[in-house]
Amino acid sequence: MTYAAVTGWGKCMPPAILSNADLATFLDTDDEWITTRTGMKERRISHVNAIEMAYVAAMRTLACAGLAASDIDLIVYGSCSNDEMVPNTASALQYKLGAGNAAAMDVNTACTSFLYSWSTANAMIRSGVVRRALVVGVELISRYMDWDNRGVAVLFGDGAAAIVLEATEERTGLLAETLGCYADARGILRIGGYGAAYANSNVTFGDMSWIFDGPQIFKKAVQGMTDASAKTLDKVGVSSSDIDLVVPHQANARIIEAVAKYAGIPMAKVHLTVQKYGNMSAATVPVALVEALEEGRLGPRGKLLMPAFGAGLTLCSHYAEWGERTSPKDVADVELPPCESTALELVQAIRAAKDIRGRSAAGLAGAYLVDQRPYGAQ
Ligand code: ACO
C-alpha cells in the first residue's frame with residue numbers, strides 16, 4: 001500500500017511585528033483585553049505579496065527534503081488571500097520555483113486550507129496520480145483587513161509554511177482525517193467586497209467590510225474541532241492518550257484550551273504559537289508544525305493531531321504519524337527582501353490606501369510595497 005511521507009518542511013515569517021500596544025494607537029483596544037480574550041500579544045505584517053512568502057517557504061521546504069523544484073509533480077496552494085484570482089496562485093509559485101513538471105492548484109477553505117490541501121495531495125499520492133507534492137499554507141490577511149474594526153483587526157497576522165510529501169510503502173504521514181462544513185453558518189464570517197460578485201458593481205473595490213460574529217464562531221469552532229477530532233481518532237483506532245503533540249489551528253487560546261479539554265489532552269501536549277503570530281488562517285498549522293520540529297517537540301514516529309476550522313464554516317481534524325527524520329537534509333540560501341518599515345507603518349499605509357481608494361481608482365499606488373505587481377506582470 002502506498003502512503004505519503006512528510007520529507008520536507010519550512011516556513012517564512014515576515015519580519016515586521018505588530019504588538020497589542022501598536023494596535024491601541026489607532027483602535028479603541030488595549031493589551032489586557034486582547035491578551036485575556038485571545039492569548040495574542042503580537043502578529044506579523046508582511047511587506048511583500050503572499051507569493052514571495054510562499055516562495056521562500058517552498059525553497060526552504062525543498063532544501064529540507066533534499067529535492068529540486070523539478071522533482072515536484074503537484075503544488076497545492078492553500079490560502080484565502082490569493083494575490084490574484086485568475087490565474088491561480090499555485091501557477092505563480094510553479095513559475096517562480098521553476099517546478100515545470102508540477103500540476104498546480106489552489107485550495108480555499110479559509111483557515112483549514114492547508115489541511116484540506118494536505119488531504120488533497122495525500123489522496124493523489126496514495127491513489128498513484130502523483131509521487132511528490134508540495135503543499136503550502138500562506139496568508140496575507142493584513143492587506144484585506146478592515147483595520148478600523150477592532151472586533152477583527154486584533155486577531156490576524158501574515159505568514160507562510162509548506163511541506164513536501166513523497167510516496168512510500170512505509171505506513172507514515174497522514175493516516176486519517178475528518179473533513180466537514182457547517183454551511184448553514186457561513187453567513188457569520190464573510191468579507192464584503194472581495195470576489196467576482198462585487199467586480200464592476202457599485203461596491204467600491206477593496207471595500208473590505210468584515211461580517212464576523214465572534215461568539216458564534218467561537219462556539220462552532222469548539223464543537224467542530226472537538227467532533228472532528230473524536231471521529232478521526234476513532235477511525236484510526238488511536239486513543240487521545242496516545243497523542244504526542246496537538247498542532248491546532250490557532251484562532252484563540254481559549255478555543256484551543258476548550259478543544260484540548262474535551263479531547264482529554266493536557267495543554268502541555270499542545271503546541272501554541274497564537275501569542276506571537278495571532279491567527280494566520282491557512283498558515284497557522286504548518287508554521288506551528290515547522291516550529292514544533294525546530295524546537296524538538298515532535299520526535300521520530302511522533303503521533304500528531306491537527307484540528308482546525310475556518311470560514312464556511314469549514315472544519316477538520318487530521319491524524320498523522322511522523323517518520324524517522326526530524327531535521328532538515330539541507331538549508332536554502334533564500335530570504336525575503338529587507339523590510340524598511342515598521343509593522344505599524346505598513347498597517348497605516350493600508351489604512352491610508354483604503355481612504356485614497358474612495359477618491360481615486362489608482363488605489364494601492366505601490367508606495368509601501370516592495371513589488372505591488374502581480375507575479376509575472378511586465
Ligand atoms: N478591544 C476591546 N474591546 C473589544 C474588542 C477589542 N479588540 N473587540 C470587541 N470588544 C468588545 C465588544 O465590543 C464587547 O463590548 P460590549 O460588551 O460593550 O458590547 C466586548 O468586548 C465583548 O465582545 P465579545 O465579542 O463578546 O467578546 P468575546 O469574549 O467573544 O471575544 C473574540 C471575541 C476574541 C472575537 C472571540 O469571540 C473569538 O475568538 N471568536 C472566534 C473568532 C475566530 O476564531 N475566527 C477564526 C476564523 S477566521 C477565518 O476562517 C478566516
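Parameters at a glance
Residues numbered from 1 in each chain as written. Predicted model: local features only at pLDDT ≥ 70, side-chain atom pairs only at ≥ 80, totals over all residues. Heavy atoms only, no water. Helix = DSSP H or I, 4+ residues; strand = E, 2+ residues; numbered from the N terminus. Rg over C-alpha atoms; globule rule 2.2 N^0.38 Å. Buried < 20%, exposed > 50% of the residue type's maximum accessible area, 1.4 Å probe, protein only. Contact = heavy atoms within 4.5 Å. Areas by Shrake-Rupley, 256 points an atom, 1.4 Å probe, with all protein chains shown as cover. Lys, Arg positive; Asp, Glu negative; His and termini not counted. Charge placed at Lys NZ, Arg CZ, Asp CG, Glu CD. pLDDT = per-residue confidence, 0-100. Near = heavy atom within 4 Å. Polar contact = N/O pair within 3.5 Å; in protein donor to acceptor, adjacent residues only side chain to side chain. Nonpolar A, V, L, I, M, F, W, Y, C, P; charged D, E, K, R; others polar. Salt bridge = Lys/Arg side-chain N within 4 Å of Asp/Glu carboxyl O. Phe/Tyr/Trp six-rings, centres within 6.5 Å; stacked < 30°, edge-to-face > 60°. Lys NZ or Arg CZ within 6 Å of the ring centre and 35° of its normal. Axes fitted to C-alpha atoms, helices over the stretch in contact; angles between N-to-C directions. Parallel < 35°, antiparallel > 145°, perpendicular 65-115°, else oblique. Left-handed = near helix turned anticlockwise from the far one by under 90°.

Asker: Please explain the overall build of the chain as it appears in this structure.
Answerer: Within the chain, the regular secondary structure consists of eleven helices and 13 strands. By the compact-globule yardstick of 21 Å for 378 residues, the chain fits well, its C-alpha radius of gyration being 20 Å. For the chain, the spread of C-alpha atoms along the principal axes amounts to about 60 × 45 × 35 Å. Counting the 378 residues in the chain, one finds 57% classified as buried. Restricting the contact set of the chain to residue pairs at least 6 apart, pairs at least 24 apart contribute 79%. Counting only carbon and sulfur atoms, one obtains 51% of the accessible surface of the chain, whose full area is about 15300 Å². A gap of 4 Å separates the mean positions of the 33 positive and 40 negative side-chain charges of the chain.

Asker: Please clarify how the confidence of the model for the chain should be interpreted in this entry.
Answerer: Detailed reading of predicted coordinates is not advised where the pLDDT is low. For the chain, the mean per-residue pLDDT works out to 92, and 93% of the residues sit at or above 70. Segment residues 359-378: pLDDT under 50, and 26 contacts once partners within four positions in sequence are set aside and those in other chains are kept.

Asker: I would appreciate a short explanation of the environment of E84 in the present structure.
Answerer: As for its position among the elements, E84 is in the loop between β4 (74-78) and α4 (89-97). Assessed through its relative accessible area of 26%, E84 is described here as partly exposed.

Asker: I keep staring at the site of the ligand and nothing clicks. Help me out?
Answerer: Near the ligand there are 26 residues, and of these T29, R37, C111, N252 and A311 occur at the shortest range. At 3.0 Å, a side-chain N or O of R150 approaches an oxygen atom of the ligand. Across the complex, the protein chains shield 73% of the 1000 Å² of accessible surface that the ligand would expose by itself. For the shell around the ligand, the secondary structure elements donating two or more residues are α2 (31-38), α6 (150-153), α7 (214-236), α8 (253-263) and β12 (303-310). Here the shell around the ligand takes four residues from α7, the largest share from any one element. Of the residues belonging to the shell around the ligand, the class tally is 15 nonpolar, seven polar and four charged.

Asker: Sorry if this is basic, but what is going on with the side chain of T273 here?
Answerer: Assignment of secondary structure puts T273 in the loop between α8 and α9 (274-277). With a relative accessible area of 0%, T273 lands in the buried category. The residues touching T273, leaving out its near neighbours within four places in the chain, are Q250, G278, A288 and E291.

Asker: It is not clear to me how the pattern of salt bridges should be interpreted in this structure. Could you clarify?
Answerer: Pairing is possible between side chains that carry opposite charge, provided their charged atoms lie close to one another. The final tally for this structure, using the stated rule, is twelve salt bridges. For R60, the salt bridge identified is with E335, shortest N-O distance 3.1 Å. Of the two residues, R60 sits in helix α3 (residues 50-65) while E335 sits in the loop between β13 (314-321) and α11 (343-357), which places them 275 residues apart along the sequence. You can call R60 partly exposed: its relative accessible area is 23%. Looking at E335, the relative accessible area reads 61%, which means it is exposed. Overlapping salt bridges, with partners in common, bring together K11, K276, E291 and E294 in one network.

Asker: Teacher, can you tell me more about the packing of aromatic side chains here?
Answerer: What characterises a pair of aromatic rings is the spacing of the ring centres plus the angle enclosed by the ring planes. Under the counting rule described, the total for this entry stands at eight aromatic pairs. In this structure an aromatic cluster arises from ring pairing among Y144, F156, Y194, W210 and F212. When the ring centre of Y262 is taken as origin, the NZ or CZ atom of K261, which lies over that ring, is 5.8 Å away.

Asker: Honestly, the packing of α3 against α4 in this entry has me stumped. Any pointers?
Answerer: Angle between the axes and distance between the axes: these two values describe a pair of packed helices. It is the contact of α3 with α4, at a shortest axis distance of 10 Å, that shows an interaxial angle of 55°. Looking at the two axes, α3 sits oblique to α4. In the packing of α3 onto α4, the handedness of the crossing is right-handed. Here I51, E52, A54, Y55, A58, M59 and L62 of α3 lie close against α4, whose contacting residues are T89, A92, L93, K96 and L97. Taken together, the residues that form the contact of α3 with α4 break down as nine nonpolar, one polar and two charged.

Asker: Looking at this model, I keep getting lost on the side chain of K11. Mind explaining?
Answerer: Within the secondary structure, K11 sits in strand β1 (residues 3-12). Here E294 takes part through its side chain, which lies 3.0 Å from a polar atom of the side chain of K11. Once residues lying within four places of it in the same chain are set aside, the contact partners of K11 are A57, R60, A160, A161, Y277, V287, V290, E291 and E294.

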